[in-house]
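Topology and contacts: notes
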There are 2 protein chains.
Amino acid sequence: MEQLRQTLKVHHLRTTTCREDVLSTFINKKNALSHGDLEGALGENYDRVTIYRTLKTFLEKGIIHKVLDDEGLRYALCSHSCSEEKHQHDHIHFKCNACGETNCLENQHIPAVQLPQGYKPENFNLLIQGTCPKCNN
Amino acid sequence: MEQLRQTLKVHHLRTTTCREDVLSTFINKKNALSHGDLEGALGENYDRVTIYRTLKTFLEKGIIHKVLDDEGLRYALCSHSCSEEKHQHDHIHFKCNACGETNCLENQHIPAVQLPQGYKPENFNLLIQGTCPKCNN
DNA sequence: CTTTCATTTGCAACGGTGTTGCAGTATTTA
DNA sequence: TAAATACTGCAACACCGTTGCAAATGAAAG
């Protein structure tokens, strides 16, 4: 709770109940969340637009990052605290086709890829789809 | 032209001008296309909805596949003809942040990833963002 | 504690995306 | 050429994400 405020303060954001709630939702549910998920969880307390703006702000400040799967856009906490200037996201996301959850695989890094001449890579994003341990029985 | 019809026939689709035009657009422009791109190119001739349905049909038949980047959804031709049953897409997409184009890197495959216990992968999707050869000067 | 100022929120409205139902049209097959 | 089937266009709709503006809230200073 105090830690939430600390996180917001570090990123020069005012502490508001919406931001606290969104942030703690990300921390509690560990998987990636869509705007719709958050609206489902917090929608009675906050306006749609406010949640959109909160996500946008968190994105810009490097608190969360985008996660893409074939169904659309989600967001997940940045593990290694990213800054507004630098986002380093060469980690892997796993989407389970059974339960639908998408998770970051921490500590897993994307193996080096040999690109053809002239390509200058800056960001890597690997999405693996399949079945997760929970659903794999 | 005759080849287009052949492609449609192989997948048990009726040859219509819309399908021919959409397919030839994919073949001519080599990069991944969004629905909006196609609507821009063909929108005067066909209804929005028809283009959506054409894309959906091509997806199901394995003629095209989805390409995701942080701006949304695009589609690209399947190189190794996929079937309705099996889609194998362990190739790499490169999105240029300068010109905005997204391309499939043919012949490039995603290196093996060691997943934690219990994860059963089925599909791999690697998006690399950076600068492409055309823009890299 | 109160005042002030900047930031944040809620509301209303809007454009874009993608889907569905249905009637009419085009394509295939025989 | 006719009949059956598949495809298209139109209208309508739900959902996603954004913007402008007025009101409310938080931070900081007196």
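Residues numbered from 1 in each chain as written. Chains lettered and ligands numbered in written order. Predicted model: local features only at pLDDT ≥ 70, side-chain atom pairs only at ≥ 80, totals over all residues. Heavy atoms only, no water.

1. Comments concerning the overall build of chain A
Operational definition: Secondary structure elements are defined from DSSP: runs of H or I of at least 4 residues count as helices, runs of E of at least 2 residues count as strands, and each element is numbered from the N terminus. Between buried and exposed lies partly exposed: a residue is buried under 20% and exposed over 50% of the maximum accessible area for its type, with that area taken using a 1.4 Å probe on protein chains only.
Per the secondary structure count, chain A includes four helices and five strands. Ordering the α and β elements of chain A from the N terminus gives α-α-α-α-β-β-β-β-β. Overall, the C-alpha framework of chain A stretches about 45 × 40 × 25 Å when taken along its three principal axes. A buried classification covers 42% of the 137 residues belonging to chain A.

2. Some points on the packing of aromatic side chains
Test applied: Only Phe, Tyr and Trp rings are paired, with Trp represented by its six-membered ring, and only when their centres lie within 6.5 Å; those with planes under 30 degrees apart are stacked, over 60 edge-to-face, the remainder tilted.
Inspection of every chain in the model, using the stated rule, returns two aromatic pairs over all chains. Measuring from ring centre to ring centre gives 4.7 Å for A:Phe94 and B:Tyr119, while their planes differ by 65°; the resulting arrangement is edge-to-face. Here A:Phe94 is found in strand S3 (residues 91-96), whereas its partner B:Tyr119 is found in the loop between strand S4 (102-109) and strand S5 (120-131) on a different chain.

3. Considerations on the protein's contact with DNA strand D
We apply this condition: Residues are counted as near a molecule or strand when any one of their heavy atoms sits within 4 Å of it.
Near DNA strand D, the surroundings consist of 18 residues, among which A:Tyr52, B:Arg14, B:Arg19, B:Thr50 and B:Arg53 are the closest. Within 4 Å of the protein, the atoms of DNA strand D are drawn from sugar and phosphate moieties in a proportion of 57%. Listing elements by their share of the surface near DNA strand D, those giving two or more residues are helix H4 (48-61) of chain A together with helix H2 (17-28) and helix H4 (48-61) of chain B.

4. Concerning the side chain of A:Asp69
How we decide: Whenever a nitrogen or oxygen atom comes within 3.5 Å of another N or O atom, the pair is scored as a polar contact, on the condition that within protein one atom can donate a hydrogen and the other can accept it, and that pairs from neighbouring residues in sequence are kept only if both atoms are in side chains. Should any heavy atoms of two residues lie within 4.5 Å, those residues are counted as being in contact.
Here A:Asp69 lies in strand S1 (residues 64-69). Taking the relative accessible area as the measure of exposure, A:Asp69 reaches 0% and is therefore buried. Within the structure, A:Asp69 has its side chain in polar contact with the side chain of A:Thr102 (distance 3.3 Å). For A:Asp69, the residues in contact, after removing those within four places along its chain, are A:Arg74, A:Lys95, A:Thr102, A:Leu127 and B:Leu68.

5. Here we look at the protein's contact with DNA strand C
For clarity, the threshold we go by: Side-chain classes follow a simple rule in which Ala, Val, Leu, Ile, Met, Phe, Trp, Tyr, Cys and Pro form the nonpolar group, Asp, Glu, Lys and Arg form the charged group, and the remainder, Gly included, forms the polar group.
Close to DNA strand C lie 18 residues, the nearest being A:Thr16, A:Arg19, A:Thr50, A:Arg53 and B:Tyr52. Within 4 Å of the protein, atoms of DNA strand C come from sugar and phosphate in 56% of cases. Interatomic distance of 2.7 Å between a side-chain N/O atom of A:Arg53 and a base oxygen of DNA strand C. Ranked by residue count, the leading element in the surface near DNA strand C is H4(B), at five residues. Looking at the surface near DNA strand C residue by residue, the classes come out as five nonpolar, five polar and eight charged.

6. Details of the packing of helix H2 (residues 17-28) of chain A against H4(A)
Residue and element names in this part refer to chain A. For clarity, the cut-off: For every element, the axis is a line fit to its C-alpha atoms; helices are fit only across the contacting stretch, and the angle between N-to-C directions ranges from 0 to 180 degrees. By the definition adopted for this analysis, an angle is roughly parallel if under 35 degrees, roughly antiparallel if over 145, roughly perpendicular if from 65 to 115, and oblique otherwise. In this scheme the handedness of a crossing depends on how the near helix is turned from the far one: anticlockwise by less than a right angle means left-handed, clockwise means right-handed.
Between H2 and H4, the least distance of the axes is 10 Å, while the angle of their chain directions is 70°. Classified by the angle between their axes, H2 and H4 sit roughly perpendicular to one another. Note on packing geometry: the crossing formed by H2 with H4 is right-handed. When H2 is examined against H4, the residues Cys-18, Arg-19, Val-22, Leu-23 and Phe-26 are found in contact with a partner set consisting of Thr-50, Thr-54, Leu-55, Thr-57 and Phe-58. Residue composition of the contact of H2 with H4, by class: six nonpolar, three polar and one charged.

7. Thoughts on the sheet that holds strand S3 (residues 91-96) of chain B
This is how it is decided: Note on pairing: two strands pair once DSSP finds at least 2 bridges between them.
Reading across from one edge, S4(A)-S3(A)-S5(A)-S5(B)-S3(B)-S4(B) is the order of the six strands in this open sheet, with mixed pairing throughout. Two strands bound the open sheet, and with one partner strand each, they are strand S4 (102-109) of chain A together with S4 of chain B. The mean angle between the axes of side-by-side strands here comes to 25°, regardless of whether they run parallel or antiparallel.

8. Examining the interface of chain B and chain A
Counting from both sides, the interface comprises 34 residues of chain B and, opposite them, 34 residues of chain A. Linking chain B to chain A there are 16 residue pairs in polar contact (both at pLDDT 80 or more). Elements with a contribution of two residues or more to the side of chain B that touches chain A: strand S1 (64-69), S3, S4 and S5 of chain B. If you tally residues by element for the side of chain B that touches chain A, the top one is S5(B), at twelve residues.

9. Quick word on the relation of the copies chain B and chain A
Keep this limit in mind: The copies were overlaid with a least-squares fit restricted to C-alpha atoms from residues scoring a pLDDT of at least 70 in each copy.
Superposition of chain B onto chain A requires a rotation of 180° combined with a translation of 0.0 Å along the rotation axis, giving an RMSD of 0.1 Å. These values place the two chain copies in the arrangement generated by a two-fold rotation axis. Nearest to the rotation axis, the C-alpha of B:Leu126 is located 2.2 Å from it, this being the minimum over chain B. In this assembly, 100% of the residues forming the interface of chain B have copies in chain A that are likewise at the interface, indicating an isologous arrangement.

10. Notes on the side chain of A:His65
Residue and element names in this part refer to chain A. Inspection of the secondary structure puts His-65 in strand S1. According to the relative accessible area criterion, His-65 is buried, its value standing at 5%. Among the polar contacts listed, one links the side chain of His-65 to the side chain of His-93, at a separation of 3.3 Å.

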